[in-house]
Structures are given as C-alpha cells and as structure tokens.
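# Results of the structural survey
Listed below, chain by chain, are the residues.
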Amino acid sequence: MGNNIMVIGDCSEEISNLREQLASTGETEIVFLTSEQVTSGQQQEYSLKLIIYITNLPAPDALTCFKHILSVFPEKPMIVISDHTPVTGLKMVSMGAQDHLVKGEYSIPLLKKSIYYAIERSAMLKQIDKTKNEYQGIFMDNPNPMWIYDPATYKFLQVNQAAIDNYGYSKEEFLAMTIKDIRPESDLVKLQEMVRSKQKEEGVIDSGVWVHKKASGQEFYVHIYSHDTSFEGKKTRLVVAVDVDSSMKHEQKNEALTWQLKAYSDRINTILDSITDGFFAVDENWNFIYVNKIFEQLFGTPKEQLLGKNVWTVLPGKFANKISPRYEEAMKTKKLFKFEEFLGEMNMWFSVSVYPSEEGLSVYIQDITRAKKMKEEIFNEQMKLDALINNTDDLIWSVDKELVVLTANNAMKTIMKKFNPGGIKVGGSIIIDGLEESVKAEWISYYQKALNGVAHSLEYEARIPDSPTKYLEVSFNPIKNQQSEVFGVGCYGRDITERKLHQFTIEKHNRLLEEIAWKQSHKMRGPVASIMGIMSMLDLKDLNSTFNKELLKHLKTTTDNLDLMIREIVKSTISIEAFDKKE
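Scope of this entry: the structure provided in the associated data block. Computed from a predicted model, the values in this text were never measured in an experiment.

Looking only at helices and strands, the protein chain has 19 helices and 20 strands in total. Per-residue burial for the protein chain yields a buried fraction of 40% across its 583 residues. Intrachain contacts of the protein chain at a sequence separation of at least 6 include 48% that bridge at least 24 residues. Summing over all exposed atoms, the protein chain offers an accessible surface of approximately 34,100 Å²; the carbon and sulfur share of this is 52%.

On to the pattern of salt bridges, then. Counted under the stated rule, the structure contains 9 salt bridges. Here D206 makes a salt bridge to R121, at a shortest N to O gap of 2.8 Å. A residue pair is termed long-range when its members are at least 10 positions apart, and D206 in strand β8 (residues 205–213) and R121 in helix α5 (residues 108–130) qualify at 85 residues. A salt bridge links K440 to E437; the nearest nitrogen and oxygen atoms lie 3.5 Å apart. One end of the pair, K440, and the other, E437, are both in helix α16 (residues 437–451), 3 residues apart, so they sit about a helical turn from each other. According to the relative accessible area criterion, K440 is buried, its value standing at 14%.

Next up on the list: unusual backbone geometry. At K334, a residue that is not glycine, the phi angle is positive and equals roughly 60°. By the secondary structure assignment, K334 is in the loop between α13 (317–333) and β13 (337–343). Looking at K334, the relative accessible area reads 36%, which means it is partly exposed. Within the chain, D466 stands out as a residue other than glycine whose phi angle is a positive 60°. When you line up the elements, D466 lands in the loop between β18 (456–462) and β19 (470–480).

Turning to the packing of aromatic side chains, a few remarks are in order. According to the stated counting rule, one finds 23 aromatic pairs in the structure shown. Between the aromatic rings of Y167 and F174, the centroid separation amounts to 6.1 Å while the plane-to-plane angle is 70°, which identifies the pairing as edge-to-face. By the burial criterion, Y167 is buried, and F174 matches it. The ring of Y154 is capped by K180, whose NZ or CZ atom sits 4.7 Å from the centre of that ring. The aromatic ring of F220 is capped on one face by K214, whose charged end is 5.0 Å from the ring centroid.

Strand order in this open sheet of 5 strands is β12-β11-β15-β14-β13, and the pairing throughout is antiparallel. The strands lining the two open edges of the sheet, one partner per strand, are β12 (288–291) and β13. Neighbour-to-neighbour, the strand axes of the sheet open up by a mean angle of 20°, direction not taken into account. As paired strands, strand β11 (residues 278–283) and β12 are joined by 3 bridges and run antiparallel to one another. Looking at β12, one finds that F280 is bridged to V291.

Rules of the game
- Residues numbered from 1 in each chain as written.
- Predicted model: local features only at pLDDT ≥ 70, side-chain atom pairs only at ≥ 80, totals over all residues.
- Heavy atoms only, no water.
- Helix = DSSP H or I, 4+ residues; strand = E, 2+ residues; numbered from the N terminus.
- Buried < 20%, exposed > 50% of the residue type's maximum accessible area, 1.4 Å probe, protein only.
- Contact = heavy atoms within 4.5 Å.
- Areas by Shrake-Rupley, 256 points an atom, 1.4 Å probe, with all protein chains shown as cover.
- Salt bridge = Lys/Arg side-chain N within 4 Å of Asp/Glu carboxyl O.
- Phe/Tyr/Trp six-rings, centres within 6.5 Å; stacked < 30°, edge-to-face > 60°.
- Lys NZ or Arg CZ within 6 Å of the ring centre and 35° of its normal.
- Pairing = 2+ DSSP bridges.
- Axes fitted to C-alpha atoms, helices over the stretch in contact; angles between N-to-C directions.

Right, dumping it as structure tokens:
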C-alpha cells in the first residue's frame, strides 16, 4: 500500500474543502481526478492507500460510477462522500466501500477516524476473506486476537495464539468461558442485543468499538469485526478483535482537550468581561476583533459598532494621535509597551498596557483618574507628615516584619549615622553594621515582641560613639492592617537623660541621708547611753573622791568618741551640699 490518497469527483467546492480538511489531518500526498478521467481510463499508475469518491450524481448514476471505480481499483479501501440518503450509502458500503459520509455533516476528527478505520477495515476484510483457504496462517498465526464462538450459547469454540497472549487466558480457560466473560458487567445487555441483531446479517460485520477485560482485570478498547463461518458442523461466527486502546484513549484525550479548550476560551471571555479594566484586541490591520464590557462603557460605544472597525476611527482624535506611535512601535517591534496618558476630552487618566503578538495587539486600558488624585493627596499628606515628624528632636521610625525601615525622621537618621556613616535608609535594614552583636540581638528581641502583638516600652542607656551617654524612653507599638494582622512596628524614642540624672541625684541624697540616719540612730546611741550612765554614778557630795576622778576620765573618752561621730555626720552633710552644687 502506498502513501497517496486519491480523491475522485466533480464537486469543485467540496473537493476544495476536502483538500483543507485532509491537510489539517496531516495528509499531504493527495491525487485529484475527475470521475470522467477514471471512467475513460486516463488515470496513471499511483501508489495508493485510500480512495475518496465525492459525488453529486443521482443515486443510480452514482452507483454505476462507483461500480466502475471499484473495478478499476478493486483492492483499495474507499470512502464515499455524498448527499444521498443512508439507504444509498449503505448500498455503496455493501458493494465494497468502507464508509459513507454525508456532505456537510462530518467533522475533521470524524474524517480522520473514517480514513483510519477504512484502511484498517479493508485490511481486516482481506484477512477475513483469506481465512476460508488459509486457516492456519490467517487464524492461528494472525497478530490480532481472533476466536470462533457459538451465537446460541456464547461459548468460545476456538481461539488463536494472539488472543491467548493478549488476554492472558490459556486456551483451556478460553474454551471453558463464554464471550460474556471478557466483557464488563455493564455491557452484557448490549452484547446480547448485538448478537441477536447480527445473526441474520451476512458478510463481514463491523460491530464497532467495545471494552474487553483481560485475565488481570484490566479493561481496554478493541474494534470488533465478525463473519459467519462454520465450525465442526455448526453455524458459528469468526471474530477479529483489533486493539485500538491507545488510539481510543488518545481520541478521548483529544476530545477532552477540545472541551477543555472551549471551556478555557469561554472562561477567558467571562474573565475579560468581568475584569474592571477595559480590554480590546485588534488584528494586524488595526481592526477590532474583541472588546469587553468595560471598554464599551469607557468609550460609550456598544460592541456591535466596534467589531471589524478600524481602531483609529473609533478612539477619540487627540487620544488616538497621542498613542498611535506607541501602538505602531509595539506592532513593529513585538515588544510590550506600558504608559500613562491623560485624555482631556474625558478629563481622565488612563494606564495602557499593549501586548503584541503575531496576529495583532491586545490592549488593557485602566481608568487611573481616582488613583492619580489619591496619589496626589497622599503626596501632600506625606509632605505634611514629614514636616511634622522632622520638626522634633524625638526619635520616630517604623519597620516591617523583616525589620526593613518603613519610615524614619531626621533625628533618628542622625543618631544612627553615629554608628555607621551610611546610617539607615527607607527600604534598608534597621539592624546596620557598626552595632555590637549583643546590641543587635537585644533590639531584634524588642522588635520581635511587638511583631508578636505585644506593645511595650523601656528605658534604654544608649552608648553613642563620640557622644556622652544618653538615656532614652522607647516605646514599641504593633502596626496592624484592616484584618488586624501585624505587619510592622511603630517606634518612638524620647531623650530622658536630664530626668535620669536628676533621678540619680535623688538616689545619691537618699543613700547619704540613710547613712546619716543610721549613724544617728545606731552609732551615737552607745556613747550617749554611756554618758548618761556615768552621770548617774557621780558622787555629787564628794566631787574630789577617787571614784569620781575615774568616772570623769571615762566620761572624757566617751565624749571624744561622740564628738568624732558628730564630725562624721557633719562631713556627710557637707558631701550632700557639695554634690548638690556640682549637679
């Protein structure tokens, strides 16, 4: 068999359509002849795999011409395409055609399938015809599974080696089974109806595609052809099962993909109609081929008045003049263009994205008028905020969850430059080089606590390079979005050095006063008690007594000790006064 397909017919329009359809199926080696060329014997010798006969003749003439073509090409599979009734088509099939298609009622997938099955069916019919004379070669050694069964009992009577190999049953197992055993349960009623309906038919019967089961339970697709035969004196049927599992699954996959593609196309159209941006597409001649609802609303023109029209005749004049160079550049270079443009006629700002392709341009138009106004308002508010936060010596800054700086006033930037000349920048990390590792870890823990949703504050002793020690009161407050999710930390630092030093002074005073009070209440109590005891023991009647003299010596020693303690208290008091003057 060759590679060419011969098309015979006189319907020029149908032949032209068929040429395109065959090309789409991958068939490019095609020979075209008129029916007159065939009937007059003008055809050459061709290497053919299939003949397609297209006719618009009345049924009797068409059948006559068909018989002649069969006589000229007796061994070639043939498909007939006509507008005849199914009865005429069936006659042609019974005379030798492999298939009959009705003009205008078949699709490209059906044509492809018909070509495939016509070639396969022709080959099978030839093999079945030879079974009468070549049983051993055609039946037992045939590469396709074959069997003989009894239509009355459905029992297998004979199977070939291919059936044994493909289905996984031994010959003995097959002969103990019926043809019902290799079908799924759901097909049994359909099988019985098919067997009953085919009992009165003669010749080769194409029963179509069925699902069969292997011994392993695996299901697969087969195309069944059968023919009446006689076996061991019984009227039986010879069956050939062609494995079409891969092609059927491939076809099913193609059909699924076709539906998916259609569903995808419908979904894209739905999406484009539901988006809030205007969208349109033009072909290479600048004609509209698609517009969505938003575009219709933006330019106040219904879709029906846009499709097929030139884009430059539809868009407002000044706007078209502004954007046409960009569109033309995109069409020429096939590069994406994005730009913003103000349309004075409509008092609107638009953001335009132009996506080129081989077929033309796809364009998204977004109304950004409100966004432009909001951006201007935000800029003005930002300027006010910058003026506010930079008109203070307090430190104000914020960071996101990655500790990247969101805002920072000048006071904060200035103090951070003391640690690193580069300082901090919006968009950079708040944890900069120049900080000690222990300081980095300490501050990361402060930020993390706030990122976990806990607002907190602390007093911090800041040891700034080339500067006196500062004391800061720092607060950390979680920043939340509308969903109450923490996305950053707002920080505020206030210099409390003066207050802290005053606090240290008070603490020093308190310690000194506590020391004086302790000396007064503890150390002086002993000498005073001694003096009082000595005084009570003096003999006032005899002041010159020896006992009085000893007591007076002891009194002098105690008094000296008391004087020393008083001096120490006075010294401590002087220290407080000196500290106050120093402060």
